[in-house]
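One-letter residues, chain by chain:
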Amino acid sequence: MAGVKIKSGGFLVFAFLLYFFKPISADTALFNLADALTCKPDDAQFSSEYNGGNIQSYFDVAPNTGEITLNQCIDRENLPEPRSFDIPDGIMLKVAMSSKDSSVGCEAQFLFIIEDVNDNVPQFQDLPYAKTINEANFTEPYYLMKAVATDKDEGEAGTVTYSITWTPQIDGVEFQILPKKGDISVNGSVNYNDNMLYYISINASDGRDKYGTVHSVTANLIVTVKDIPNLPPIFTSASYSSSIKENTAKNTEVLHVNAVDGDRGINNKIFYSISGTSYFYVDNKTGEVFVSENIDRDTMSPSTGGRAEFQLHATEIVNNTETSSSSAVNVSVVIEDVNDNPPIFYQGDIEINNITVEVPENSPTDTPVIHFENIHVKDIDEGENAKMALTVHPKNLSIYPTQVYGESPLSLRVIVPLDYELIENFTVEVNANDGVHNVMLTVLVNVENKNEYFPKFQHNNYTVNIFENVTNAPDIATIHATDKDKGTYGDVTYELDGSTEVLKNFSLNQITGILSLKNGASVDYEMKHTYFATVMAIDGGGKETSAALDINILDVNDNAPKWLPLGTLVIMEEETFQNSLFLEATDRDEPDTPNSKVSYELQSCYTSKGEDLDLVNNFTVDNSNLKIKGVLDRERLPKGINGGHLQLVIVAKDHGNPQLSSNANATVIVMDKNDNSPQFSNSRYTVSVPETTPRGTYLLNVSAVDMDVEEPNNQFRFSFNTSNTILTVDGIGKNGFSWIKLGSKLDFEKRHAYTLFLLAIDMGASPNTGETTITVHVEDVDDEPPKFSCASYTYNVNESNYNGTHTFIGSDIIGFDDDTNAYLSFEITNEKCEDNETVDVHNWIGINKTIGLLILQRDIDYETCKQLSLVIRLTDENTVVGVNSSDVDVTVNIVDQNDNSPSFINPSQSVIVITELAKEDYQVAIYKADDKDSGKNAELTFIIHDVQFVSTSTVNQPPTDLFKIVTNAPTTGKTYDGVFSLGTFSQLNSEGYYQICLIVKDHGEVSHSANVSVKVFMIPQNSKVELIFARSLDEVKEHLLDIISLLRSAVDDAQVTISNIQEETQVTRAATDARCILDSYFYYNNGTSLPVSTVMRLLNDNYEVMVELSILGLISVNPPNPPDVITPELPWQIAVGVIAGILALTLFISITSAVCMRRSFERRIKTELALRNTQAALASHGTNYEQQPHNKENPLFNKEAIELPYDDINGDVEKRSINSLDEHLYFDSGKSEGFNTLLEDVQGEDNEPHQSPILKETLRGFDNTANSLSSTAI
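Under an unreviewed UniProt entry, the name given to the chain is Cadherin domain-containing protein, and the organism recorded is Eptatretus burgeri. The UniProt entry for the chain carries this comment under Subcellular location (unreviewed entry): "Membrane".

Asker: So what exactly am I meant to see when it comes to the overall build of the chain here?
Answerer: Across its full length, the chain holds 10 helices and 90 strands. Relative to its full complement of 1274 residues, the chain shows a buried share of 40%. In the chain, 67% of the contacts between residues at least 6 apart in sequence involve partners at least 24 apart. Carbon and sulfur atoms make up 49% of the accessible area of the chain, which totals about 69400 Å².

Asker: Got a minute to help me understand the nonpolar core in this structure?
Answerer: Note on soluble globular proteins: their nonpolar side chains tend to be buried together. With 28 residues, the main nonpolar core has Leu-1027, Leu-1047, Phe-1082, Leu-1099 and Leu-1109 as its most contacted residues. Ranked by the residues each element gives to this core, the list is headed by helix α4 (residues 1040-1050), at 6 residues. When near neighbours in sequence (up to four residues on either side) are disregarded, Leu-1099 contacts Leu-1047, Ala-1050, Met-1106, Leu-1109 and Val-1117.

Asker: Would you take a moment to explain the packing of α4 against helix α6 (residues 1103-1111) for this structure?
Answerer: Helix packing geometry: the angle between the two helix axes and the distance between the axes. Closest axis-to-axis distance for the α4/α6 pair is 10 Å, and the angle between their directions is 160°. Taken together, α4 and α6 sit at an angle that is classed as roughly antiparallel. In the packing of α4 onto α6, the handedness of the crossing is left-handed. Residue-level inspection shows Ile-1043, Leu-1046, Leu-1047, Ser-1049 and Ala-1050 of α4 in contact with α6, the latter providing Val-1105, Glu-1108 and Leu-1109. A per-class count over the contact of α4 with α6 returns 6 nonpolar, 1 polar and 1 charged.

Asker: What is the right way to look at the pattern of salt bridges in this model?
Answerer: When their charged atoms lie close together, side chains carrying opposite charge are able to pair. Applying the stated criterion across every chain yields a total of 11 salt bridges. Residue Glu-601 pairs with Lys-653 through a salt bridge whose shortest N-O separation is 3.4 Å. With Glu-601 in strand β52 (residues 598-606) and Lys-653 in strand β56 (residues 645-654), this residue pair connects regions lying 52 residues apart in the sequence. Among the residues examined, Glu-601 registers a relative accessible area of 39% and is labelled partly exposed. Among the residues examined, Lys-653 registers a relative accessible area of 25% and is labelled partly exposed. The partner of Asp-1101 in a salt bridge is Arg-1097, and the shortest N-O contact between them spans 3.8 Å. Taken as a pair, Asp-1101 and Arg-1097 lie in helix α5 (residues 1092-1101) at a separation of 4 residues, close to a single helical turn. Since its relative accessible area comes to 43%, Arg-1097 is described here as partly exposed.

Cut-offs used in this document
- Residues numbered from 1 in each chain as written.
- Predicted model: local features only at pLDDT ≥ 70, side-chain atom pairs only at ≥ 80, totals over all residues.
- Heavy atoms only, no water.
- UniProt positions renumbered as here; feature names shortened; annotations may be inferred.
- Helix = DSSP H or I, 4+ residues; strand = E, 2+ residues; numbered from the N terminus.
- Buried < 20%, exposed > 50% of the residue type's maximum accessible area, 1.4 Å probe, protein only.
- Contact = heavy atoms within 4.5 Å.
- Areas by Shrake-Rupley, 256 points an atom, 1.4 Å probe, with all protein chains shown as cover.
- Core = buried A, V, L, I, M, F, W, Y, C linked by side-chain atoms within 4.5 Å.
- Axes fitted to C-alpha atoms, helices over the stretch in contact; angles between N-to-C directions.
- Parallel < 35°, antiparallel > 145°, perpendicular 65-115°, else oblique.
- Left-handed = near helix turned anticlockwise from the far one by under 90°.
- Nonpolar A, V, L, I, M, F, W, Y, C, P; charged D, E, K, R; others polar.
- Salt bridge = Lys/Arg side-chain N within 4 Å of Asp/Glu carboxyl O.

Spelled out as C-alpha cells, the structure:
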C-alpha cells in the first residue's frame, strides 16, 4: 500500500497504492512516482523517509525521477523493527516530492507487505543421534529417543513432519517414528548376533507453501546393541567328520573341533567333553580328539558301516567353573579298512580246501558243474581290500564270477563238451587272490558216461498182410534195429504199441523182433480192415526209436447181409396216395465185391401173433423201397391185427459164393397211439460261446423225435426245467428242431460255464417228456482295459545326464491286465515342457515298449525346460472289444547342474574416464551379469582379477587397492550388480591408463566365470567445463539425459561425463533465480580430453543444439577457475584461441545489452503514451470509488481503463509492466473510514489478502522475469 499526499494550488490530495508480491530480486524497479503524478513540476526533487529500523538498506529512490528500486533481497524472517501499521509483515516507506522553490509538493507513503514463502530448511537439533540398548525381544514399541528439528518459517511451511527413510532390513525388527512428535521406538527381536549396529535415516520435512515448495533434511541415528549372556556355545561347524585306518596307534590325533561363546560380545572360555564312544578321548581345553584304544574294523558291527558315531560337548567356563550353558555336536569317524585277512572257501558254513564234482559228458558250454552249487568265497576285509580275483588252472573249466567284493557264491562251468571215452577224470585248482593273499581250492572232476545214440530201424514203415479168420500165424514178419552205443547202451529190445485190439491180437518178440498172431486170436475183415501199430526199439540207456507198422486183413465172404432198423409204413385209412418204406441191409464183407452186393424180396406177411396173412401181394419192393399196391382199408384188415400193426418178412441176399441171406420184418401201422416219448438226437449238447456274444444270438439247434405217427401225439414243445436268464428256447419245435438263443450278457471273469436241462413235452392226451443236457462254456475275450499300478509317476533326472547309449530314469512303470491272453506294450503319446511350451521336447525321453522303463535319449537342459510332462499309454494288442489302452501322467523334474557360465549384460563401458576431482569410493561404473543356472549355481561374485598401468614406455603392476568392486545381489530377478569404484585415489597416475580385468564367477561346486577388460583414464581438472543453467536442481536432474545427449551430438560424439551437479549460492543472485552448475568433462575413448575452447567452439557452431539447450535453461558455458600457477610457455595456437574466445564472448555480451536497453526504452515510451491519454481525467478531482465501488472504471482517473494494443507490446514483461497501472485506489485523507474501507477490501471477508486478476498476473510475472531475461540473454 502506498499513501500519496499531493500539494497543488492549496489543494491537498492523498493517494495510496497497494502491492502484494513475492520476494523479488535486487535491482528491480518497484514504482515510478513521477509517472503517476500529472502535477509534477519540471524541477521536481524526490526524497525518502523510513519508518524506523534499517529498512533504508532495502530501497533506493531516484532523486530526479522518483523511481523506487529494491536494492537487495528481503528476508521475511529477519525484517527490522518496528513494523508499520502494526502489520507484522509490512514495511512503510515515505517518499516526498517538491519543486526547488517548494511551491509545489506532495508526499506518498508506501506499505510493502512481504508474503511468506517456504525458504528455510528444517534443522535437526542436538546432533549427532546415538543410542545403546540391550538385546531383547520387544513385543511392544520400545522408546529410544526424540528427534527434534526446527524451521524458521511460519504456518504450514514451518510445521515439521518426521519419517524414517531407511532402516536395515532385519527380519522381525521394525523402527518407528511419530510423524508429529519425532519419538523413535523399536519393535521386535533385537539380537546382538544378528546385527550389532543399526543405521537409521530420519527425514524432517516442512509443509508445502502455496507455490508448492517443500524442504527436507536427513539425519542419522546409530543404535548400538549390547550383548547379554543368553546363548550357549556354538561349534564352528554343524557336524564334524574324519577318517583313520584300523589299528591306528593310540594317542594319534583324529580331528580338532572348535566352539565359541554364542554371546559374541562376551566370549567365555570353553570346556570340551566326549560321550558315546570308547575309541577316542578329547583334550578338555583344545578340543583335539585322539585315539584311546586299538580299533579293529572287522570286529565292528556291520550296522555301523565302519563308522564311529559319538558326540562332543562344549560348556562355558565362568570364573574357572563349568556352567549349565552347553551344546553338543555330532562327530563321525570312518574307520578305514586294512587288508589283513585272506580269502576263504566255504561249502555252506564249512571252510574247505578241496572238493570232488561230476560233469556229464557232452555237457554244453557254460553248463554248471554238479556238486559245486553251494561253494562260495569270502574276505572279511572291506572295500578294495575285499576285492578278489578268481582263476582256474588248468583251464579245462571256467569260474564265475572272476572278480568278487567281500563274498559271493561261485560257479564252475564247462568250457568245451567232455567225452567220457577220451578222459574219465581230471583235477583243477581254483585260486582266490586279494592282492596280498592267494588261496587255492583243489577240485577233482569225474566225467560221467552218457547214452549218446538212438536205435535205428532198417525201415521207417513196415506193412504186412493176413487173411481174416486165420487162427495160427506164428511168424508174420521180423522187425530189426541197431544202436551205435557200446555196452548196455548198445543193447536193443523191441516193444509193440498200438490200440487195445492190436495188443489183443498180435505180439512182438522182445529180443528177436518177430511179429506173430496170438494163440486163440482171430481177425475179422468186417470188424477192421487194417491195424495201425508202432514198433519201439529201446537201447540200454532208455533211448527209444519208433517205426510205423500197418497190418492189412484180407476179406473172405463170411457175412450175411444185415438189416438196418426198418421204419414203419404208415397207412392211412381210405387214402389213395402211395406211401413207401425204404429197405436197407448192409453186408460187412469187402465193399464193391459180390460178397457185399445185396438184393431184396418179399417172403410173407403175418400178424403180431404170428398168423399168416395173404397180404404179400399188396406190397412190392422197387429199388429198395417197400411200396403199397392200391389202397388198404383198415376195416377190412383181419380182426386179429393187434393195434393195426402188420408184419412183412423181407429177405436180403448177397451174391457171394456161397450165397448168404437174412430176413427182416417190416411193420405197417394202421392205427396210431401216443405211446412214444420225444427223444433228443443227442443226450448232451455242448457249445462254446465268446463272452462278448450279444444277447439274442442263436447258439445251437436242438432236435427231438416222437415215434407216434398221428397228431397231436407226434407234436411237442421245448422248455427248461428251471427258470434262467442265460438261455432261451422257442417253445414250439418245428419238425423236431428248435434254436437255443443267448438270453443275457456273459462275463468270463465272473463265471466260466453254465449247465441247464432242456425238456421236450409232446401234446398227446397224456404228455410224454424227453430230456437233454446243455452245457455252455464261456470263452474269454480280451475286453478288459489294461491298468497302471499307480495313478501317476514322478521322476527326477539331472540335466546333461545322457551318456551316449541308454540312461535309465527311475524304475519300471508297472502295468497289468485282467484278461488271460493280454499282450501289453508301452508308448509315449504326449510330451511337453510345462514351464516353456514353445520348446520341442519330442524324443527327449523314450520308453521300453515291453517293460515300461523310461530311457533318456539325448542331453536335456534345465535352462531350456525345468519340468517335462509325459503321457504314457499302455495298450493291450490282443483286445477284441472295448477300450484297449489306458493313459497315465508322468512328471520328469529336471535337476539343475552348473553347466552355464555367467555372462556380462551389455558390458559397454570398456573405456572409463575419471577426473582428478574424484574421491575415494567414487562410483566409476556398474556392471551387470547373470547366469542361466539357478540356486547356488546362479549366485555370482564380482572380483578384480588384474590391474596393470600402461604408459607410453612401460607396463607395470600398480598397488592392488587402487580400485574395488562390490557385488550387490538382486532383490528381484537374477541380475547381479558389480559396483566398480575407486579405492586409494591419491595414488592414481594420469600419465597413461589402467588396464583392468574384471571377473564374475558363480558359486557352483565347479565354478564358472566370465571376464571383461576395462580401460580407465584419468583426465586433469583443468579440462573441466562449467555449464550454468537457469533451472532448479530437480529440473536439471530431470532432463540430465537429454542434456548429455545434446552435448554429445554437438561435440562430434565425444564422451561426456558430468562429475558434479550443484546449486549456485544465493550470495550473487536473487532468491527466486534458481541456477545450477554442471561440472562436465569432454573426452575421447583414448583418454584425450577436449579443451574448453574446443567445446565452446563446437557448441557455438551447432545452432540447433544451442537452441535446445537454451530451452532446457543453459545460460553460460564457463572454463574452470584458473589454477594458481600458469605454465609460462603457452603455445601461440592456444593464445590465439583464447583471444578469439574473449572477442566472441565480448560480442555476445554487447548484443545482449543492446537488446535489453532497446526493450527498456520501449517500455518507458509506451508508459508515457498511456499517461498522456488519461491526462484529461485530472480536471475532475476526487474519486468515484464511494459512489460506484463495483464498476470496472479506473478509480484514479474516473475513466475506463485504456488497454494498449498487444500487437505493439513485445513480450510478457512489457505487458505486465503496462498492466501494473490498472488498479489504483484513491481516497480522501479527510475521511478516516476510507482507509479502513481500503483495508477491508484488501483483506476480504475471510481476512485473507485480496488480489485482482490483473495484480495476480503481475505477481506471476515476477516469477518468470528471471527466466525470460536469461532466455533473452542466451
